[in-house]
Amino acid sequence: MRDLAAGMGYLAKGQKWVARHGRWWAFGMIPALITLAGYAVALFFLAGWAGDLAEWATPFADAWSSFWQDLLRTTLAAVVFVGGLLLSVLTFTAVTLLVGQPFYEELCEKVDETEGGAPTPPEVPLWRELVVAARDSLFVLVRAGGFGVLLFAAGFVPVVGQTVVPVLGFLVSGFFLTLELTSVALQRRGVPQRERLRLLRGRLGLALGFGVPLVLGFLVPLVTVVAMPGAVAGATLLARDLVPVEEEPATEDGAGEPDAAAVPELPDYDARRPVAGNPYADGPPQGNPYADAPHPAKPNPHHSA
């Protein structure tokens with residue numbers, strides 16, 4: 001329960017962070033708006049073509065009476081459109097994160113800077129970041145799709161399919177949504193995809209407390225647009241809990257150089273000069289320095305007393 005409350009707390013903290021930094025909130029909405037516009041255009045054309053698709057898929061109904069023919073094709077067209085709408089809801093977050101990779105990278109970096117202890121991200125070109133993000137999103141979608149197939153099959157079980165399965169569906173979706181949202185911050189910390197999955201499994205309550213409320217809110221695309229920047233900021237704060245980064249101690253000049261007072265003072269060898277009177281101080285001596293010095297007289301061994 002503590003982890004569930006902590007996950008919801010990170011979600012609230014992320015929304016508060018973007019509320020305090022309005023410019024970054026608007027900046028983070030750009031990818032969601034771009035994705036929403038693309039999906040809206042796609043659904044508009046799907047609605048116009050759904051009838052043609054239904055007619056193309058049911059040539060056997062040409063000989064039917066108009067009532068049954070229209071009923072079948074109208075129902076099939078509605079199923080196609082609803083299926084496209086459901087697919088857009090399920091994939092909206094993943095596509096938004098893929099489109100917004102450069103935007104959310106900047107947003108994560110700003111959150112790390114304001115909170116302290118920012119990591120040094122691996123230096124890779126933008127195209128490689130996009131490839132890695134697409135691969136990771138595909139990894140998440142395949143796994144989530146596998147669970148979706150199992151839950152869909154379990155939905156036909158009486159009683160269980162109408163009570164337990166929907167709850168499990170929200171839990172599974174919340175977990176994978178947390179995995180998707182934390183991918184940007186954890187990728188900046190050099191954590192590979194499988195390790196991210198292991199980390200969130202180890203903090204399952206934290207992942208569910210963060211992701212499940214978002215799943216419920218993201219069922220409305222406009223909520224996704226408004227809440228996505230705060231969700232990314234909150235996911236960054238959550239990633240800081242999963243993979244803390246120790247901040248290097250600050251120095252006095254703030255440039256990361258060692259403190260001059262901590263470095264022992266070395267002797268100044270240039271300041272050592274020959275003492276006065278040294279005959280070798282200024283080059284070779286001129287003359288004999290001992291010429292004027294008195295010498296003791298030596299006795300003459302042949303001198304008679």
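The structure contained in this document is the topic of the report that follows.

Conventions we followed
- Residues numbered from 1 in each chain as written.
- Predicted model: local features only at pLDDT ≥ 70, side-chain atom pairs only at ≥ 80, totals over all residues.
- Heavy atoms only, no water.
- Core = buried A, V, L, I, M, F, W, Y, C linked by side-chain atoms within 4.5 Å.
- Buried < 20%, exposed > 50% of the residue type's maximum accessible area, 1.4 Å probe, protein only.
- Helix = DSSP H or I, 4+ residues; strand = E, 2+ residues; numbered from the N terminus.
- Contact = heavy atoms within 4.5 Å.
- Patch = residues over 30% accessible without salt bridge, like charges linked within 9 Å, V, L, I, M, F, W, Y side chains within 5 Å.
- Areas by Shrake-Rupley, 256 points an atom, 1.4 Å probe, with all protein chains shown as cover.
- Salt bridge = Lys/Arg side-chain N within 4 Å of Asp/Glu carboxyl O.
- Phe/Tyr/Trp six-rings, centres within 6.5 Å; stacked < 30°, edge-to-face > 60°.
- Arc of directions from axis to C-beta.
- Axes fitted to C-alpha atoms, helices over the stretch in contact; angles between N-to-C directions.
- Parallel < 35°, antiparallel > 145°, perpendicular 65-115°, else oblique.
- Left-handed = near helix turned anticlockwise from the far one by under 90°.
- Nonpolar A, V, L, I, M, F, W, Y, C, P; charged D, E, K, R; others polar.

**Quick look at the nonpolar core**
Then, number 1: Counting 42 residues, the largest nonpolar core has Leu181, Phe210, Leu214 and Val232 as the members making the most contacts within it.
Then, number 2: In terms of residues, this core owes the most to one element, helix H9 (residues 221-242), which gives 10 residues.
Then, number 3: Ranked by size, the runner-up nonpolar core spans five residues in total, among them Ala32, Tyr39, Phe92 and Val225.

**Some points on the environment of Arg194**
Then, number 1: Looking at the element boundaries, Arg194 is found in helix H7 (residues 193-202).
Then, number 2: Note on Arg194: relative accessible area 60%, which makes it exposed.
Then, number 3: In this structure the C-alpha to C-alpha distance between Arg194 and Phe139, which are 55 residues apart in sequence, comes to 9.6 Å.
Then, number 4: Not counting residues up to four positions away in its chain, the partners in contact with Arg194 are Phe139 and Arg143.

**Here we look at a nonpolar patch on the surface**
Then, number 1: Taken together, the side chains of Val157, Val159, Val160, Val164, Val167, Leu168 and Leu171 define a hydrophobic patch exposed on the protein surface, amounting to about 530 Å² of accessible area.
Then, number 2: Relative to the elements of secondary structure, Val164 occurs in helix H6 (residues 160-188).

**Points about the packing of aromatic side chains**
Then, number 1: In total, this model carries seven aromatic pairs according to the counting rule given.
Then, number 2: Between Trp24 and Phe27, the ring centres sit 5.3 Å apart and the planes meet at 75 degrees, which makes this aromatic pair edge-to-face. Of the two residues, Trp24 and Phe27 are both situated in helix H2 (residues 22-57); the distance of three residues between them amounts to about one turn of the helix.
Then, number 3: Centre to centre, the rings of Phe27 and Phe103 are 5.2 Å apart; their planes meet at 45 degrees, and the pair counts as tilted. Of this pair, Phe27 sits in helix H2 while Phe103 is found in helix H4 (residues 101-115), placing the two residues 76 residues apart along the sequence.
Then, number 4: On the basis of relative accessible area, Phe27 is assigned to the partly exposed category, the value being 27%.
Then, number 5: Taken together, the ring pairs connect Trp24, Phe27 and Phe103 into an aromatic cluster.

**Brief notes about H7**
Then, number 1: Here H7 has its buried residues at Gln193, Arg196, Leu197, Leu199 and Leu200. Projection of H7 onto a plane perpendicular to its axis shows the buried side chains occupying an angular sector of 165 degrees, all on one side. For H7, the exposed residues lying more than 90 degrees away from the buried face are Arg194, Arg201 and Gly202.

**Brief notes about the pattern of salt bridges**
Then, number 1: For the structure shown, the criterion picks out eight salt bridges.
Then, number 2: One salt bridge in this structure joins Asp112 and Arg189, with 2.8 Å as the shortest N-O distance. Pair noted here: Asp112 is in helix H4 and Arg189 is in the loop between H6 and H7, with a separation of 77 residues, a long-range link.
Then, number 3: On the accessibility criterion, Asp112 (0% relative accessible area) is buried.
Then, number 4: The partner of Arg203 in a salt bridge is Asp241, and the shortest N-O contact between them spans 3.6 Å. Remark: Asp241 occurs in helix H9 and Arg203 occurs in the loop between H7 and helix H8 (204-218); sequence separation between them is 38 residues.
Then, number 5: Taking relative accessible area as the criterion, Arg203 reaches 24% and is therefore assigned partly exposed.
Then, number 6: Salt bridges sharing partners connect three or more residues here, namely Glu105, Asp112, Arg188, Arg189 and Arg240.

**Focus on the packing of H6 against H7**
Then, number 1: Running from N to C, H6 and H7 point in directions that differ by 125 degrees, and their axes come no closer than 10 Å. Relative to H7, the element H6 lies oblique. Seen along the crossing, H6 lies across H7 with a hand that is right-handed. Of H7, the residues touching H6 (which contributes Phe175, Thr178, Leu179, Thr182, Ser183, Leu186 and Gln187) are Gln193, Arg196, Leu197, Leu200 and Arg201.
Then, number 2: Classifying every residue of the contact of H6 with H7 gives five nonpolar, five polar and two charged.

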